[in-house]
Amino acid sequence: MNGGELIAEALSVQGVESIFTLCGGHISPILVGCKEREIRVVDVRDEVSAVFAADATARITGRPAVAAVTAGPGATNTITAVKNAQLAQSPVVLLGGAAATVLRGRGSLQDIDQLALFEPHVKWAASAEQVRELPGMVETAFRVAAAGVPGPVFVECPVDLLYGQDLVRKWYAESRAKGLRGWLINRYLRRHVDRLFKGADDVTVNRQVEEPPVSEAEPKAVKKAAALLSKAKRPLLIIGSQALVRGGQDGGRGAEALAAAVESLGLPVYLAGSARGLLGRDHPLQRRHRRRGAVREADLVLLAGFPADFRLDYGRQIRSQATLIGVNLTDEELNLNRTPKLGVVADPAHFLVELAKVAKPRARWSRWIETLSAADREREAEIDATAAEKVEGINPVDLFRQIEEVAEENSVLVVDGGDFVATAAYTLRPRGPLRWLDPGAFGTLGVGGGFALGAALCRPSAEVWLIWGDGSSAYSLAEIDTFVRHGLPVIAVIGNDAGWTQIAREQVPILGDDVATVLAPTSYHRVAEGYGGEGLLLERPEDTPRVLARAKELAAEGRPVVINAHIGATDFRKGSISI
């Protein structure tokens, strides 16, 4: 096997079903080797989408997912997605092509110091020096990506390690230099190639796949948390994405166990990021609105995989008199901005499962839960009133209310945008665990095409809805072409108000100028048609039921579709900018 085939064999052993890529001569042997082993090669239109797709796959499955990109600009194009995966603690394995080993630093095509670029943003980065190293490096990459705090890793694969030995020897052909100089150059090149392929014929791929250990909470800490909880009158649980980093493993049994533990604890709970949907649509313990007020009223706050960052006003929302319990995989996030009374460095899901075994729900919490429920109902009534308002074009709140009614129970919701997506977060209800995909705390625009791609492949029977702001859609709208070529019937809804509205909401009142926030009312439905997809224009409120029904019909036929929804302005999110 050549080096590319060795990598493909190692990926196959790891159980990889799809690899995301944009082709390049530096990595072609990897892609061909994957195809030969029935690993699906999913080629995108921008390298960043390949990493976003791998990120989504990793989040849904709870296991490392793979992207492969060519050298130089192929690698640099991925850096935003790699950083997003790092901050979202998503185990992504990125394979990067590189210039031939003998040509490093000599002005070769697309030759840059890629390790220096990636090292600050990944858990581990390494470059292979010999063919025989490649399978072991892939194995190490998977182990490191999944262990402890999951995150991305980068493996650099020089092009002369990936192709066959005979071809590589032709590349390093005899020098035309005369005399002693030519003899020395030829001798050096022959010895260099000998070193590249030394032991390559004897290398084997390890068939044993190691499962990373779970960071378990100490029983003493669990019992102490139960004791603190027993004294609380107004406890509150907030679960973040970190609690679901392994939730998709074993067919989602990890998420099921976590949901059962939360239900057993009986605490009112807010779900954030990838934890959204953990309890389904309408669980009586789940609160959706007015989290700020609830946190300020609580006398005990349990943060499970959720740091005290900007989403909690850097910890200021939690009263100084309240008991703070924090559970996190890292000590840094555990103590970010606020030091908890009880801090536990452990897997948040494991901690909650163990806590549910020893803690008992308290009847006296029922009045507190009802108080929060009443606040939720009040907010829902306000949202209903906003949805009923007449605006020029489509009322975005009403549009999401109607999508909520027609989306299938197996739906996956992918969100990518600012104002339009934030509105969706208040109005759409994820149907189950790992069926809501947002960028995470990095707030990255451009995840949509890649995330939807990964979701559609991981859940082929699901209805995948991609909620796009008109500004953010431009980052990955070309992936409609990818959906078409790979037969993925994604339903994309673009909220078209011809502007970067989330920024304009604050910029215009404060600075009195809309500079750089104005877009054109682009015909995104026609752009979709140009890429081979289906396009639907939605301009009148009375047409919303018909257009949504037609989009679902097209998706059921296996065709990706874009709804270009001309939305009007509301004050639903006035004053909501986060910095």
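As shown above, the structure is provided for reference.
Residues numbered from 1 in each chain as written. Predicted model: local features only at pLDDT ≥ 70, side-chain atom pairs only at ≥ 80, totals over all residues. Heavy atoms only, no water.

A. Region of the structure containing the overall build of the protein. For the protein, the helix and strand inventory stands at 23 helices and 17 strands. Relative to the 2.2 N^0.38 estimate, which gives 25 Å for 579 residues, the radius of gyration of the protein is 26 Å and therefore close to what a compact globule would have. Seen along its three principal axes, the alpha-carbon backbone of the protein occupies a region of about 90 × 60 × 45 Å. For the protein, with 579 residues in total, the buried portion stands at 57%. Restricting to contacts in the protein with at least 6 residues of sequence separation, those with at least 24 account for 74%. For the protein, the computed accessible surface area is about 24300 Å², with 50% contributed by carbon and sulfur atoms. The positive charge centre, built from 67 side chains, and the negative charge centre, built from 71, are 6 Å apart in the protein. (Helix = DSSP H or I, 4+ residues; strand = E, 2+ residues; numbered from the N terminus. Rg over C-alpha atoms; globule rule 2.2 N^0.38 Å. Buried < 20%, exposed > 50% of the residue type's maximum accessible area, 1.4 Å probe, protein only. Contact = heavy atoms within 4.5 Å. Areas by Shrake-Rupley, 256 points an atom, 1.4 Å probe, with all protein chains shown as cover. Lys, Arg positive; Asp, Glu negative; His and termini not counted. Charge placed at Lys NZ, Arg CZ, Asp CG, Glu CD.)

B. Structural detail: the nonpolar core. By size, the foremost hydrophobic cluster in this structure holds 51 residues, and its most contacted members are F20, L94, V414, L437, L453 and V464. For this core, the element with the highest residue contribution is helix α3 (residues 47-61), accounting for nine residues. Those residues in contact with L94 that lie beyond four places of it in its chain are V51, A67, V69, T78, V82, F118, V153, F154 and V155. (Core = buried A, V, L, I, M, F, W, Y, C linked by side-chain atoms within 4.5 Å.)

C. Spatial organisation of the sheet that holds strand β17 (residues 561-566). Strand order in the open sheet formed by six strands is β13-β12-β14-β15-β17-β16, and the pairing between neighbours is parallel. Whereas interior strands pair on both sides, the edge strands pair on one side only; in this sheet they are β13 (436-437) and β16 (534-538). Packed onto the sheet, helix α17 (residues 419-427) meets β12 (412-416), β13, β14 (464-469) and β15 (491-496) and runs at close to 135° relative to β14. (Pairing = 2+ DSSP bridges. Axes fitted to C-alpha atoms, helices over the stretch in contact; angles between N-to-C directions.)

D. How the structure looks around the environment of I60. Along the chain, I60 turns up in helix α3. Overall, the relative accessible area of 6% leaves I60 in the buried class. C-alpha of I60 to C-alpha of V209: the two residues are 149 residues apart in sequence and 20 Å apart in space. Beyond its immediate chain neighbours, meaning those up to four positions away, I60 contacts G248, L434, L437, A455, C458 and R459.

E. Quick look at the pattern of salt bridges. Counted by the stated rule, this structure contains 37 salt bridges. The salt bridge partner of D282 is R429, with a shortest N-O separation of 3.1 Å. With D282 in the loop between β8 (269-271) and α12 (291-297) and R429 in the loop between α17 and β13, this residue pair connects regions lying 147 residues apart in the sequence. Judged by relative accessible area, D282 falls into the exposed class, the value being 58%. Judged by relative accessible area, which is 17%, R429 ranks as buried. R311 is the partner of D309 in a salt bridge, and the nearest nitrogen-oxygen pair spans 2.7 Å. (Salt bridge = Lys/Arg side-chain N within 4 Å of Asp/Glu carboxyl O.)

F. Representation of the packing of helix α16 (residues 396-406) against helix α23 (residues 544-556) in the model. It is the contact of α16 with α23, at a shortest axis distance of 11 Å, that shows an interaxial angle of 45°. With respect to α23, the axis of α16 lies oblique. The hand of the α16/α23 crossing is right-handed. Counting all contacts with α16, which are made through L399, Q402, I403 and V406, the residues of α23 involved are T544, P545, L548 and K552. (Parallel < 35°, antiparallel > 145°, perpendicular 65-115°, else oblique. Left-handed = near helix turned anticlockwise from the far one by under 90°.)

G. Broad picture of the sheet that holds strand β9 (residues 300-304). Pairing in this open sheet of five strands is parallel, and the strands run β8-β7-β9-β10-β11 from one edge to the other. Bordering the open sheet on either side are β8 and β11 (342-345), each of which pairs with just one other strand. Ignoring which end each strand starts from, the neighbouring axes of this sheet average 10° apart. In this structure, strand β10 (residues 323-328) lies alongside β11, joined through four bridges in parallel fashion. Bridge pairing in β11 places G326 opposite G343. Sheet contacts for helix α10 (residues 219-231): β7 (235-239), β9, β10 and β11; angle to β11, the most-contacted strand, approximately 145°. Lying on the sheet, helix α14 (residues 348-358) is in contact with β7, β9, β10 and β11; it crosses β9 at an angle near 130°.

H. Spotlight on α14. Within α14, burial applies to P348, A349, H350, F351, L352, L355 and A356. The inward-facing, buried residues of α14 abut α10, β7, α11 (249-265), β9, β10 and β11. Of the residues that open α14, the one with a side-chain oxygen 3.1 Å from the backbone nitrogen of A349 is D347. (Polar contact = N/O pair within 3.5 Å; in protein donor to acceptor, adjacent residues only side chain to side chain.)

I. Structural view of the state of the cysteines. Within this structure, the stated rule accounts for zero disulfides. Unpaired in this structure, C34 has its nearest cysteine sulfur neighbour in C157, at a distance of 11 Å. Free cysteine: C458, not disulfide-bonded; nearest cysteine sulfur from C34 at 16 Å. (Disulfide = S-S within 2.5 Å.)

J. Region of the structure containing a nonpolar patch on the surface. Residues L180, W183 and L184 make up a contiguous nonpolar surface patch of roughly 340 Å² in combined accessible area. For L184, the location among the structural elements is in helix α9 (residues 179-196). The class for L184 is partly exposed, based on a relative accessible area of 44%. (Patch = residues over 30% accessible without salt bridge, like charges linked within 9 Å, V, L, I, M, F, W, Y side chains within 5 Å.)

K. Molecular detail of the packing of aromatic side chains. Per the counting criterion, the structure on display carries four aromatic pairs. With a centroid separation of 5.2 Å and an interplanar angle of 65°, the aromatic rings of Y163 and W171 are classed as edge-to-face. W171 sits in the partly exposed class, given a relative accessible area of 42%. Relative to F420, the ring of F400 has its centre 4.7 Å away and its plane inclined at 35°; by these criteria the two rings are tilted. (Phe/Tyr/Trp six-rings, centres within 6.5 Å; stacked < 30°, edge-to-face > 60°.)

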